[in-house]
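What the coordinates show
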Amino acid sequence: MLSTVYKNVPCGATFQNNIRHFNRWLIIMFNRIDDSRVKQVGPDRACAEWLLRNGASVRWKGYKNYLEDYNLLPKESEKLYLQAVDATDSAIHHDGFPHFFGCKYVEEVKLVRCNYIENDALSLLSIVKDSLQNLEVIECKNITDEGLLHLKKLINLKNLKLGNFPYIEDHNKIKEELSKTLPNCEIIYNEAK
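First, a word on scope: everything that follows refers to the structure included in this document. (Residues numbered from 1 in each chain as written. Predicted model: local features only at pLDDT ≥ 70, side-chain atom pairs only at ≥ 80, totals over all residues. Heavy atoms only, no water.)

A word on the overall build of the chain
Which entries qualify depends on this criterion: Each helix is a run of H or I in the DSSP string that is no shorter than four residues. Each strand is a run of E no shorter than two, and both are numbered from the N terminus. Burial status follows relative accessibility: with a 1.4 Å probe on protein chains alone, a residue under 20% of its type maximum counts as buried, one over 50% as exposed, and anything between as partly exposed. We call two residues in contact when some of their heavy atoms are within 4.5 Å.
When you go through the chain residue by residue, the secondary structure sums to 7 helices and 6 strands. Looking at the chain as a whole, 41% of its 193 residues qualify as buried. Put simply, of all contacts in the chain between residues at least 6 apart along the chain, 69% involve residues at least 24 apart.

In structure tokens, the structure reads:
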């Protein structure tokens, strides 16, 4: 049976490459947006479903605790608004960020150790720029200087916590540029260890 699987593998391809491609496909599938679902349940519920499906947790407006379990989502008939996202160690990817369209109350986002977050994801945070006040981006290994500069669009930020990016070339320059464009934001930047 295993020989049947390898019969279709092109010459030079390795088992590791096949796993990597499969994982990439899986990440994309779990992050893609389903427009019909957004229409059916609304943007906040659809966004929460996406986040929870990928290992993040969410907090609804007016609630104190984060919801971590997809199976504990409230009934679809309940009208709730997404206020905070904690994507620590989650598998969210920029392909899923369009889920934020229509979410008007997202004030806080934590992106900590998100291995699939890339520069494009930071650019897409501008979707919630009118409401986003607190942002934490830490130990997301695929972020570069270019990605962090996308944060200049987040004009309502009050708190920005950044750090531990192995590919940032000049963190002082990044902090300086962000400070100029976000004068009302307290920026904390910790260097990579």
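Alright, that's what it looks like, and here's the rest.
Structural notes on the side chain of Q83
With respect to the helices, strands and loops of the structure, Q83 is situated in strand β2 (residues 82-86). What makes Q83 buried here is its relative accessible area of 13%. In this structure, Q83 is in contact with R59, W60, K61, G62, Y105, V106, E107 and E108, ignoring residues within four places of it in sequence.

Describing the nonpolar core
For the record, the criterion: We call a set of buried Ala, Val, Leu, Ile, Met, Phe, Trp, Tyr and Cys residues a nonpolar core when their side-chain atoms join them within 4.5 Å.
In this structure, L111, L135, L148 and L151 are the most contacted members of the largest nonpolar core, which totals 46 residues. With residues up to four places along the chain from it excluded, the contact list for L135 reads V109, L125, L151, L154, L157, N159, L160 and K161.

Observations concerning the pairing of β2
The condition is simple: For two strands to be treated as a pair, DSSP must find no fewer than two bridges joining them.
The element β2 is extensively covered by neighbouring structure, given that 5 of its 5 residues are classed as buried. Pairing of strand β1 (residues 57-60) with β2 involves 4 bridges; the strand directions are antiparallel. Looking across to β2, one finds that W60 is bridged to L82.

Quick look at the side chain of R59
The condition that has to hold: For the purposes of these results, a polar contact is taken to be a pair of N or O atoms within 3.5 Å, where, inside protein, one atom must be able to donate a hydrogen and its partner to accept one; residues adjacent in sequence count only when each atom of the pair is a side-chain atom.
Positionally, R59 belongs in strand β1. Looking at R59, its side chain comes within polar contact range of the main-chain oxygen of Y63, at 3.4 Å. Here Y66 takes part through its side chain, which lies 3.4 Å from a polar atom of the side chain of R59. Excluding anything up to four places from it in sequence, R59 contacts K64, N65, Y66, Y81, L82, Q83, A84 and E108.

Brief notes about the packing of aromatic side chains
Stated precisely, the cut-off is as follows: Only Phe, Tyr and Trp rings take part, Trp by its six-membered ring, and two of them pair if their centres are within 6.5 Å. Stacked means planes under 30 degrees apart, edge-to-face means over 60, and tilted covers everything else.
On inspection of all chains with the given rule, the structure shows 5 aromatic pairs. Between W50 and F100, the ring centres sit 5.7 Å apart and the planes meet at 90°, which makes this aromatic pair edge-to-face. In this pair, W50 sits in helix α4 (residues 43-53) while F100 sits in the loop between β2 and β3 (108-112), placing the two residues 50 residues apart along the sequence. Judged by relative accessible area, W50 falls into the buried class, the value being 0%. The class of F100 is buried, set by a relative accessible area of 2%. Among the aromatic residues, ring-to-ring pairing joins W50, F97 and F100 into one connected group.

Function cannot be read off these values alone, since they describe shape.
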